[in-house]
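Observations on chain architecture
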2 protein chains.
Amino acid sequence: MPNRDVLKGDWLPNISVDCVIFGFQENHLKVLLLKFRNNKVWSLAGGFIGKEEDVEDAAKRVLWQRTGLENIYLQQFHTFGDLKRNIGAIEKHQEINLAMGRSNDDLNWLSLRYISIGYYALVDYLKVKVTLNELSDDSAWMDVDQIPALFLDHNEIIKTGLVHLRSSIDTKLAAFNLLPETFTMSELQKVYETILGKVLVRTNFQRKMLSLDILDRIEKKYSGGAHKAPYLYRLDRKKAEAFLSSAL
Amino acid sequence: MPNRDVLKGDWLPNISVDCVIFGFQENHLKVLLLKFRNNKVWSLAGGFIGKEEDVEDAAKRVLWQRTGLENIYLQQFHTFGDLKRNIGAIEKHQEINLAMGRSNDDLNWLSLRYISIGYYALVDYLKVKVTLNELSDDSAWMDVDQIPALFLDHNEIIKTGLVHLRSSIDTKLAAFNLLPETFTMSELQKVYETILGKVLVRTNFQRKMLSLDILDRIEKKYSGGAHKAPYLYRLDRKKAEAFLSSAL
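All of these numbers come straight from a predicted model, not from anything done at the bench.

1. Quick notes on the nonpolar core
In summary, soluble globular proteins display a tendency toward joint burial of nonpolar side chains. Formed by 48 residues in total, the largest nonpolar core has its most connected members in A:Ile49 and B:Ile49. Apart from residues lying up to four places away in sequence, B:Ile49 is in contact with A:Arg113, A:Ile115, B:Trp11, B:Leu12, B:Ile15, B:Ser16, B:Val17, B:Val55, B:Ala58 and B:Ile117.

2. Comments concerning the interface of chain A and chain B
Tallying the contact residues gives 23 residues for chain A and 23 residues for chain B. For the chain A and chain B pair, buried surface summed over both sides reaches about 1,900 Å², with 61% attributable to carbon and sulfur atoms. Among the residues chain A hides against chain B, the three largest losses belong to A:Gln76, A:Leu83 and A:Arg113. Together they make up 23% of the total. Summed over the shared surface of chain A and chain B, the number is zero salt bridges. Joining chain A to chain B, the criterion identifies 15 residue pairs in polar contact (both at pLDDT 80 or more). Mapped by element, the contributors of at least two residues to the side of chain A that touches chain B are strand E1 (11-25), strand E4 (45-50), strand E5 (73-80) and strand E6 (115-123) of chain A. Looking at which element gives the most residues to the side of chain A that touches chain B, the answer is E1(A), with four residues.

3. Overview of the domain arrangement of chain A
All names here are of chain A. Per the domain assignment, the segments making up chain A are domain 1 (11-167) and domain 2 (181-246). Measuring from the centre of the C-alpha atoms in domain 1 to the corresponding centre in domain 2 gives 32 Å. The partner domain 2 presents seven residues to the seven residues of domain 1 that form the contact. Between domain 1 and domain 2, a total of about 600 Å² is buried, with carbon and sulfur atoms accounting for 72% of that surface. Remark: the boundary between domain 1 and domain 2 carries zero salt bridges. Our count for the domain 1 to domain 2 interface comes out at one residue pair in polar contact (both at pLDDT 80 or more). For the side of domain 1 that touches domain 2, the elements supplying multiple residues, two or more each, are strand E2 (28-36) and helix H4 (154-167). Broken down by element, the side of domain 1 that touches domain 2 gets its largest block of residues, three residues, from H4. For the side of domain 1 that touches domain 2, a count of residues per class yields four nonpolar, two polar and one charged.

4. Topic: the packing of aromatic side chains
Where two aromatic rings form a pair, the distance of their centres and the angle of their planes describe that pair. A complete count under the given rule lists 20 aromatic pairs over all chains for this structure. Ring centres of A:Phe36 and A:Phe151 lie 5.1 Å apart, and the angle between their planes is 65 degrees; this geometry places the pair in the edge-to-face category. Of this pair, A:Phe36 sits in strand E2 while A:Phe151 is found in the loop between strand E7 (136-143) and H4, placing the two residues 115 residues apart along the sequence. Across this residue pair, the class does not change: A:Phe36 and A:Phe151 are buried. Centroid distance B:Phe77 to B:Tyr120: 5.9 Å. Interplanar angle 40 degrees. Geometry classified as tilted. Pair noted here: B:Phe77 is in strand E5 (residues 73-80) and B:Tyr120 is in strand E6 (residues 115-123), with a separation of 43 residues, a long-range link. Among the aromatic residues, ring-to-ring pairing joins A:Phe22, A:Tyr73, A:Phe77, A:Phe80 and A:Tyr120 into one connected group. Over the ring of A:Tyr231 we find A:Arg217, and its NZ or CZ is 3.7 Å from the ring centre.

Cut-offs and rules
Residues numbered from 1 in each chain as written. Chains lettered and ligands numbered in written order. Predicted model: local features only at pLDDT ≥ 70, side-chain atom pairs only at ≥ 80, totals over all residues. Heavy atoms only, no water. Core = buried A, V, L, I, M, F, W, Y, C linked by side-chain atoms within 4.5 Å. Buried < 20%, exposed > 50% of the residue type's maximum accessible area, 1.4 Å probe, protein only. Contact = heavy atoms within 4.5 Å. Buried area = accessible area lost by both parts, 1.4 Å probe. Salt bridge = Lys/Arg side-chain N within 4 Å of Asp/Glu carboxyl O. Polar contact = N/O pair within 3.5 Å; in protein donor to acceptor, adjacent residues only side chain to side chain. Helix = DSSP H or I, 4+ residues; strand = E, 2+ residues; numbered from the N terminus. Domains from an automatic or database assignment. Nonpolar A, V, L, I, M, F, W, Y, C, P; charged D, E, K, R; others polar. Phe/Tyr/Trp six-rings, centres within 6.5 Å; stacked < 30°, edge-to-face > 60°. Lys NZ or Arg CZ within 6 Å of the ring centre and 35° of its normal.

Right, here's the structure in full:
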């Protein structure tokens, strides 16, 4: 997949993609954010759409450029098209250009009205290797509950993405994409609780998960006195596919 | 709300809205379609987005222009951005222009690549008064199961809209928007069955609906021997709002 630079003139005007990249780290749901160079403003990973590029491919490209990952769980959830989302955009871009020592040559392009197509991605954050673009000098995984005021309407985009993630947690088994290959029932429950924003009853949760018939339990190896080590589980891809195709 | 003509040059390039207008008629789920003048090609109601217009307002305007209705249940569900959706678009537009006796002057505009933002609307079809645009000479409510090959990727748009409608039927009480003010339990069940594409058990359905605590039962008037007339119900707006706000 080619790494194409922004502002080369082969992009569609007025349309962009923004990606909410969710990861699960130390029992918290986090979002990957980028900081503009020499500036305190943080933003989502985003980009433009090539004139000869599918919209979904543009989102995949942005994700690959920023995280090094391909074949990520990626879901389009909403297109943000209010006029007011671009209010202040010119001033913000001028400020950022100034901080970066850039000229305002590209400001005509950046000050266009942009309608942005929102995607969320679910990643195993341990696999992410962040690559900054030329506009950024820092990145961070920030807790969804502690996100500062972001560039343009990116706070709103995250909030809406989270609502969509919540509503698809049961029907699309989305949460499993945030976990490593094997996990304990307790870790799985924590992911669900973090996405849903509420505490779940352990026994009910376990019963529900097992009743879905999508998990393989990995047999414990004999390891001396560690009889109390929790079972490890793995999502059974075939059973999960059967579940997903029966869900609609 | 102003009725603005297409091709006036004050539209955003490359972006459009398409509206799947669902209605419920004689126990069938239908979609409102428009036929191009002097041509056999049918399409969804759609339009462009004004340079100074919110995307959602563009969808509302298209609906209002075609149905005369305002304050319609309207849901953005997916943005269609594959390159291939425009394959054949130029030829199709040429054919339509030829059939209509129009010149191809606007073909540069129409042959742009378009990314289309899909909305579905749920309407009480009895309230709809269809107004054709200058491009159409006929309209029809077509059964979702019997839709012919449509303009561009409009079949795909309807199919995707229906999937989204299905997945929100429980959490958003969407089905009620297809019914008149008062309805029988049997009519409500039929709407659900049509959207879900399957037969439901009457007693279970009734129990479930009543347990939601969102319906008012209208007392029967004494009408001679008509003791067996079914009860009429009405959605209680306040209770429905409480249900919806607790659903997430």
